[in-house]
Amino acid sequence: MYNVCSVGHKEAALIMWLNPLFKIGHKRKLEPDDMYSVLPEDRSQHLGEELQGYWDQEVKRAQKDAQEPSLVKAIIKCYWKSYFIWGMFTFLEEGTRVVQPIFLGKMISYVENYDPTDSAALHIAYGYAAGLSACVLVWAVLHHLYFYHMQRVGMRLRVAVCHMIYRKALCLSSSAMGKTTTGQIVNLLSNDVNRFDQVTMFLHYLWVGPLQAIAVTALLWMEIGISCLAGMAVLIILLLLQSCFGKLFSSLRSKTAVLTDDRIRTMNEAITGIRTIKMNVWEKSFIGLITRLRRKEISKILKSSYLKGMNLASFFAVSKSIILVTFISNELLDNLITGSQVFMVVMLFEALRFSSTLYFPMAIEKVSEAIISIQRIKNFLSLDEMSQCYAQLPPDGEIIVDVQDLTGFWEKASETPTLQGLSFTVRPGELLAVVGPVGAGKSSLLSAVLGELPLSQGKVSVHGRIAYVSQQPWVFSGTVRSNILFGKKYEKERYEEVIKACALEEDLRLLREGDLTEIGDRGIPLSEGQKARVSLARAVYQDADIYLLDDPLSTVDAGVSRHLFQQCVCQALKEKITILVTHQLQYLKDASQILILKDTENIQVTLPLEGHLEGKVDSKTYANYFTAGAHWSVIIFLILVNIAAQVRKGIYLDLWLTLSTILFGIIRSLLIFYVLANSAQTLHNKMLESILRTPVLFFNRNPIGRILNRFSKDIGHMDDLLPQTFQDFIQMFLLVIGVVGVMVASIPWIAILVIPLGIIFFVLRWYFLRTSRDVKRLESTTRSPVFSHLASSLRGLGTIRAYKAEHKFQKLFDAHQDLHSEAWFLLLMTSRWLAVYLDVICAIFVTVVAFGALILTDALNPEEVGLVLSLTITLMGMFQWCVRQSAEAENMMISVERGIEYTDLEKEAPWEYEHRPPPSWPLDGRISIDNLKFRYSLDGPLVLKNLDTFIGSREKHGIVGRTGAGKSSLIAALFRLSEPEGDIKIDGILTTSIGLHDLRKKMSVAPQEPVLFTGTMRNNLDPLNEHTNEELWNALEEVQLKDTIKNLPGKMNTELAEYGLNLSVGQRQLVCLARAILKKNQILIIDKATSNVDPRTDELIQTKIRERFAHCTVLTIAHSLSSVINCQGIMVLDSGRLKETGQPNDLLQNRNSLCYKMMQQLGKDEVAVLPEREKQDREFFLKFKMKLSSGQIKNSQYHHTVV
């Protein structure tokens, strides 16, 4: 990367420093390494910390005064000085616009009173021409200096606020997490902060516009007297009307933002839970849900677009109206007016055109929208943070976890405490085992130790550094090694000890790149058990003082579980404080204490940039975009309306023609916005359907942030910026054609200058776009890592906070922001590069015409000189703006290009074929597998190799094997999540010969990783609304959740938080199991669906399933032999191969079988009691109940004991 710290000094030299970049872009496609490093003062960390300081001061002031803090005040205090200083440039810039008509009038007056013998008058006229040329040049310089610095202030403000939003996300309390969603935070980072880029450019026109109008009124009064007030009255009425529009913009933006939050949140949930959606055949349901949300969103956007269209139409129509009304008033007052006065009046009104009829209404629009966005961001920044944070290092050197009389609530409004009356003390070298049924509060206890659970009474003292392993293992994008090191220095000997203790040696040997294998956003290609062990290895490698392990043994097989307990928990952590949540009761005898709960450095995160297209935006992209919003007949009608709106050429004072021009202009604007809003909606719907039709592999390869980027930022561009840019370009283009036509018709020789000017502009545009398109594509792709990092951080929030790694992850976020800022700053500067060159050429053109008109005074009359000079000055602004907007429109079309790219993704097999299986299929549930080979991608390794087996009608089979053996991959092959090789037949029908929906909806699956969606409990159980309430309650009863749900405030209508976070992991698994039971299919697959459930509940559920599905085929994937010991057959998988299959008794009696060896890994005691496991579990809880009844254990609303 280039280091350009002196950019600020070089900009004055017509930003020549960009020329090398344009040369590279002209030769080849730009890469990220071609971008310039971000300036030190523009770095995310510096900007964020600066604004955060002002915000913290504002929060303290508000608390002191008992008021709400104002984010606006914090922003003003941080940026007002530089913003005000650069705002003066706008005042000077618009001042030069007002001076130009004076010089023009004097020149025309010279031509009117032309005297060939008066050389003094000629010299004065040359002075006026030089003054006009100087004004034009000064205006260009001031204009671009102003916009460059305003855009940079907007960028800096956006980056600073993004830093603050991410920092806040890392600090949110549990109650605050229930008040926001990932979708809302992504929307804040993608669309709301964008308002800062736009509002900073136009804000100064709220005061410059009225001041300029006053100055112009004074000059007009001096020229034509009181008749000027009629025209100004029209302008004032317009400004008042546009001020009223501001309230409408605020209201619509507020409603649109909420709908966008919901859409992005739902999209995020759909991407996260895509396997569940596909296996349950819910794609159409989610397409319908998101499409309905999008329809509501686009209806608000369309209303806002119509208001924008009216504003833009007024820009082109009002100047005509003002001029017409002024001259009619002048005529009615019988005032005489000279030609020079006519042109001067027209040009003075033209001077107001941009500042008062374009920038002023845009300022109102952008300020109105920015106020809503600032309010939304302020509400987020005002959410509660973690209130309790325990000391990491004790003052006296004693390491201890001491909990006394702990009572805590997740929800302040809840009447039932999450934990009540808990007391225990753990010291170094002690192991505290925490056991209890589902929902008893085991994970909440660890949250209390971490300071996450709000306490209502009691005391928690934690002295020492904490390492935490969450119940649902969290890994981030990067290598396996970087996930384990987690910022620590690599020490080979210690690293290998940790790998061995966490039983990862064999797993790493199976991976292509070993521990340098890149893992994706959701941990692909690791299994759940492997992810759990990587999380455990991360904790062990940290060498902390206190270890909080939330049931890491449930996701691995019995042999690995014993290894982890003995080698890791008991050996590697023997000198540490260890609190282990577990359902593995066989390990309790080795615990120092047992707590029984009962009901009532730099981290290396690799986020690879997505690829991007190269070359110009294809004409097919334009055609697809426009025709997506309307039929070709409507497009042709739109073209005709555009032509009709431009029939008035030059300056004609015809009332009906003016009115018709205004009317056609408004119709044109509204029609353009209508067509393009429809295009955005149609394209979104096509993207959505295409995304949900892609194989699961697509989601494994693409991080969530990359997909959300297209559905948030790119769709936001199509909704907001692109229609406005297209409308602006089309109107400007037609105006330029009209103005050039009038000029050439009036003075044909002007074509000698205009034609080369057009050619130069076209060549410049072509040269500029070759580089600018690539910069825009880089800007789009560098946004994705920001969203991916945010989504990953929110999923692993508990782990990040437990390791006190917030600062490290904040630095990573800032690094991603800086990379995006590099691309954004280049995009900003390349646009300014084009604008400067265009305006300098235009200034030269004005100079040549001005002096040429004076030289050719003998051959021209005053009207021609006035017309050409006034149109030349008008053309100067229009021509370069038209070229820039055409280039900007093509750059904006990159968002459309990226959207269309997602409409043409590789699709999985059809959902239905013409020849469908009988409705009663499958009757028997026979499954025949012949020479099955399975891989997740065409170039990926085989994860299942040459499997052959047969499962008879209504048989119950268990599938066991070491973690990573291919058990879940067999389920993926059955559901065709990737297309298998070989034959799988169900009741004689080849699964690959029928549609995916016909196959998947005939099998029920309860997955290991529970997926719940925001909504009611009822909607989560029955998304398609196919079952009665009685059936739902029966299903909940069968999974032992009926009483739990009945005790919730809304019962079946209780709203679940995002991902179901207001339920425990075990409860979420049971909800998913109930969902599978409700489908009443002939084939039921249970994929370690009770791994996070206590043994007693597990046994009850297994009994219910055996009774309920006695006439069905049931496949149970399990790590524990006790879960499948009652099956009719057991299949043992190892390294993707079926090693053995048979009846449990036969396999267990064969001392050479893998099944027997797995049993031996349990330990002699457990092997001896395996047939008696059920009896032992019952006796354990029976003794517990007896202790409760005898008073040995304190009986309170929340029972616990330390044994």
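The shown structure was predicted, so the numbers you read here are calculated from the model rather than taken from an experiment.

A. How the structure looks around the environment of alanine 972. One can find alanine 972 in helix H30 (residues 967-974). Since its relative accessible area comes to 1%, alanine 972 is described here as buried. Separated by 36 residues in sequence, alanine 972 and tyrosine 936 have C-alpha atoms that sit 9.1 Å apart. Here alanine 972 is in contact with Arg275, Phe934, Tyr936, Leu977 and Ser978, once residues within four sequence places are set aside.

B. Up close: the environment of arginine 783. Tracing the backbone shows arginine 783 in the loop between helix H25 (751-781) and helix H26 (784-795). Taking the C-alpha atoms as reference points, arginine 783 and leucine 990, 207 residues apart in sequence, are found 44 Å from one another. Apart from residues lying up to four places away in sequence, arginine 783 is in contact with Asn709, Lys713, Asp714, His717, His820 and Arg898. Only 3.1 Å separates the side chain of arginine 783 from the side chain of aspartate 714, close enough to count as a polar contact.

C. View of the pattern of salt bridges. One pass over the structure, following the stated rule, counts 55 salt bridges. Residue arginine 156 pairs with aspartate 42 through a salt bridge whose shortest N-O separation is 3.2 Å. You can see arginine 156 sitting in helix H5 (residues 119-171) and its partner aspartate 42 sitting in the loop between helix H2 (19-27) and helix H3 (44-65), a full 114 residues away along the chain.

D. Broad picture of the packing of aromatic side chains. Applying the stated criterion to the full structure yields 37 aromatic pairs. With 6.4 Å between their ring centres and 90° between their planes, tryptophan 474 and phenylalanine 486 make a pair best called edge-to-face. Of the two residues, tryptophan 474 is situated in the loop between strand E5 (466-469) and strand E6 (478-479) and phenylalanine 486 in the loop between helix H15 (480-485) and helix H16 (492-501); the sequence distance between them amounts to twelve residues. By relative accessible area, which is 4% here, tryptophan 474 ends up buried. Accessibility expressed as a relative area gives 1% for phenylalanine 486, which makes it buried.

E. Region of the structure containing a negative patch on the surface. Taken together, the side chains of Glu493, Glu496, Glu497 and Glu505 present a region of like negative charge at the surface. Per-element accounting of the negative patch gives the leading share, three residues, to H16. Locating glutamate 493 in the fold gives a position in helix H16.

F. Spotlight on the sheet that holds strand E14 (residues 981-986). Taking strand neighbours across the sheet as the criterion, the four strands line up as E12-E11-E14-E15 in an open arrangement whose pairing is antiparallel. In this open sheet, the two edge strands, each paired with only one partner strand, are strand E12 (944-951) and strand E15 (989-990). As judged from the five bridges shared by strand E11 (residues 927-934) and E12, these two strands associate in the antiparallel manner. Along E12, the bridge assignment pairs phenylalanine 934 with leucine 944. Sheet strands in contact with H30 are E11, E12 and E14, and its direction is about 110° off that of E11.

G. Spotlight on the confidence of the model for the protein. When pLDDT is averaged along the protein, the result is 82, and 91% of the positions lie at 70 or above. The low-confidence segment residues 1-12, where pLDDT is below 50, has 27 contacts with residues more than four positions distant or belonging to other chains.

H. Region of the structure containing the environment of alanine 973. Relative to the helices and strands, alanine 973 is located in helix H30. When the C-alpha positions of alanine 973 and arginine 962 are compared, they lie 19 Å apart, and in sequence the two are eleven residues distant. In this structure alanine 973 touches Leu932, Phe934, Leu944, Pro980 and Ile984, once residues within four positions along its chain are discounted.

I. Structural detail: the packing of helix H7 (residues 182-192) against H26. Where H7 contacts H26, the two axes come as close as 11 Å, and the packing angle between them is 150°. As far as their axial angle goes, H26 and H7 are roughly antiparallel. Where H7 crosses over H26, the two elements pack in a sense that is right-handed. For the pair H7 and H26, contact is made by Thr182, Ile185, Val186, Leu189 and Ser190 and by Phe787, Leu790 and Leu794, respectively. The residue makeup of the contact of H7 with H26, split by class, is six nonpolar, two polar and no charged.

J. Seen up close, the packing of helix H4 (residues 71-112) against helix H29 (residues 862-901). Between H4 and H29, whose axes approach to 9 Å, the crossing angle comes to 160°. It follows from the interaxial angle that H4 and H29 lie roughly antiparallel. The crossing of H4 and H29 is right-handed. Taken together, the residues of H29 that come into contact with H4 (itself represented by Gln100, Leu104, Met107, Ile108, Val111 and Glu112) are Pro862, Val865, Gly866, Leu869, Ser870 and Ile873. Grouping the amino acids of the contact of H4 with H29 by side-chain chemistry returns eight nonpolar, three polar and one charged.

K. Local environment of the sheet that holds strand E2 (residues 419-426). Across the sheet, which stays open at both edges, the three strands sit in the order E2-E1-E4 with antiparallel pairing between neighbours. The strands lining the two open edges of the sheet, one partner per strand, are E2 and strand E4 (455-463). If you compare each strand with its neighbour and ignore which way they point, the axes differ by 10° on average. As paired elements, strand E1 (residues 400-408) and E4 share seven bridges and run antiparallel to each other. Bridged to aspartate 402 within E4 is serine 461. Helix H14 (residues 442-450) contacts E1, E2 and E4 of the sheet and is inclined by roughly 65° relative to E2.

L. Here's a closer look at a nonpolar patch on the surface. A cluster of nonpolar side chains, Val72, Ile76, Trp80, Phe84, Ile85, Met88, Phe91, Leu92, Trp207, Leu211 and Ile214, forms an exposed patch at the surface whose accessible area comes to about 1,000 Å². Among the secondary structure elements, those contributing two or more residues to the nonpolar patch are H4 and helix H9 (205-224). In this fold, phenylalanine 91 is placed in helix H4.

M. Examining empty space enclosed by the protein more closely. Empty space within the largest cavity amounts to approximately 840 Å³. In terms of lining residues, the largest cavity is bounded by 35 residues, among which Gln151, Met201, Gln885, Glu888 and Met892 are the most central. For the lining of the largest cavity, the elements supplying multiple residues, two or more each, are H5, helix H8 (194-202), helix H13 (339-381), helix H24 (704-746), H25, helix H28 (806-855) and H29. A total of seven residues in the lining of the largest cavity trace back to one element, the largest contributor, which is H29. Of the residues belonging to the lining of the largest cavity, the class tally is 16 nonpolar, ten polar and nine charged.

N. Just the pairing of strand E3 (residues 431-435), in detail. Summarising burial for E3: five of the five residues are buried, a large majority. Pairing of E3 with strand E9 (residues 577-581) involves four bridges; the strand directions are parallel. The residue of E9 that forms the bridge with leucine 432 is isoleucine 579. The pairing of E3 with strand E10 (residues 593-597) spans four bridges and is parallel. Bridging across to E10, leucine 432 finds its partner in glutamine 593.

O. The arrangement of H13 in detail. Taking 1.5 Å as the rise per residue, H13 with 43 residues should run 63 Å; its terminal C-alpha atoms sit 61 Å apart, in good agreement. Within H13, the axis deviates most sharply at arginine 353, by approximately 45°. Counting buried residues in H13 gives 38 out of 43 residues, a clear majority hidden from the surface.

P. Just the pairing of strand E19 (residues 1083-1087), in detail. Counting buried positions along E19 gives five out of five residues, so the element sits mostly inside the fold. Burial of the side chains of E19 extends over both faces: Ile1083, Ile1085 and Asp1087 are buried on one face and Leu1084 and Ile1086 on the other. Here E19 runs beside strand E20 (residues 1113-1117); their pairing, made up of five bridges, is parallel. The partner of isoleucine 1086 across the bridge, within E20, is threonine 1116. One crossover worth recording links E19 to the parallel E20 by way of helix H36 (residues 1095-1108), and it is right-handed.

Rules used throughout
- Residues numbered from 1 in each chain as written.
- Predicted model: local features only at pLDDT ≥ 70, side-chain atom pairs only at ≥ 80, totals over all residues.
- Heavy atoms only, no water.
- Helix = DSSP H or I, 4+ residues; strand = E, 2+ residues; numbered from the N terminus.
- Buried < 20%, exposed > 50% of the residue type's maximum accessible area, 1.4 Å probe, protein only.
- Contact = heavy atoms within 4.5 Å.
- Polar contact = N/O pair within 3.5 Å; in protein donor to acceptor, adjacent residues only side chain to side chain.
- Salt bridge = Lys/Arg side-chain N within 4 Å of Asp/Glu carboxyl O.
- Phe/Tyr/Trp six-rings, centres within 6.5 Å; stacked < 30°, edge-to-face > 60°.
- Patch = residues over 30% accessible without salt bridge, like charges linked within 9 Å, V, L, I, M, F, W, Y side chains within 5 Å.
- Areas by Shrake-Rupley, 256 points an atom, 1.4 Å probe, with all protein chains shown as cover.
- Lys, Arg positive; Asp, Glu negative; His and termini not counted.
- Charge placed at Lys NZ, Arg CZ, Asp CG, Glu CD.
- Pairing = 2+ DSSP bridges.
- Axes fitted to C-alpha atoms, helices over the stretch in contact; angles between N-to-C directions.
- pLDDT = per-residue confidence, 0-100.
- Parallel < 35°, antiparallel > 145°, perpendicular 65-115°, else oblique.
- Left-handed = near helix turned anticlockwise from the far one by under 90°.
- Nonpolar A, V, L, I, M, F, W, Y, C, P; charged D, E, K, R; others polar.
- 1 Å grid on protein atoms, 1.4 Å probe; cavity = no way out; pocket = protein on both sides within 12 Å on 5 of 7 lines; lining within 4 Å.
- Points joined across faces, edges and corners; volume = space filled by probe spheres on them.
- Expected span 1.5 Å × (residues − 1).
- Bend = angle between axes of the 7 residues up to and from the residue.
- Right-handed = clockwise from strand over helix to strand, strands pointing away.

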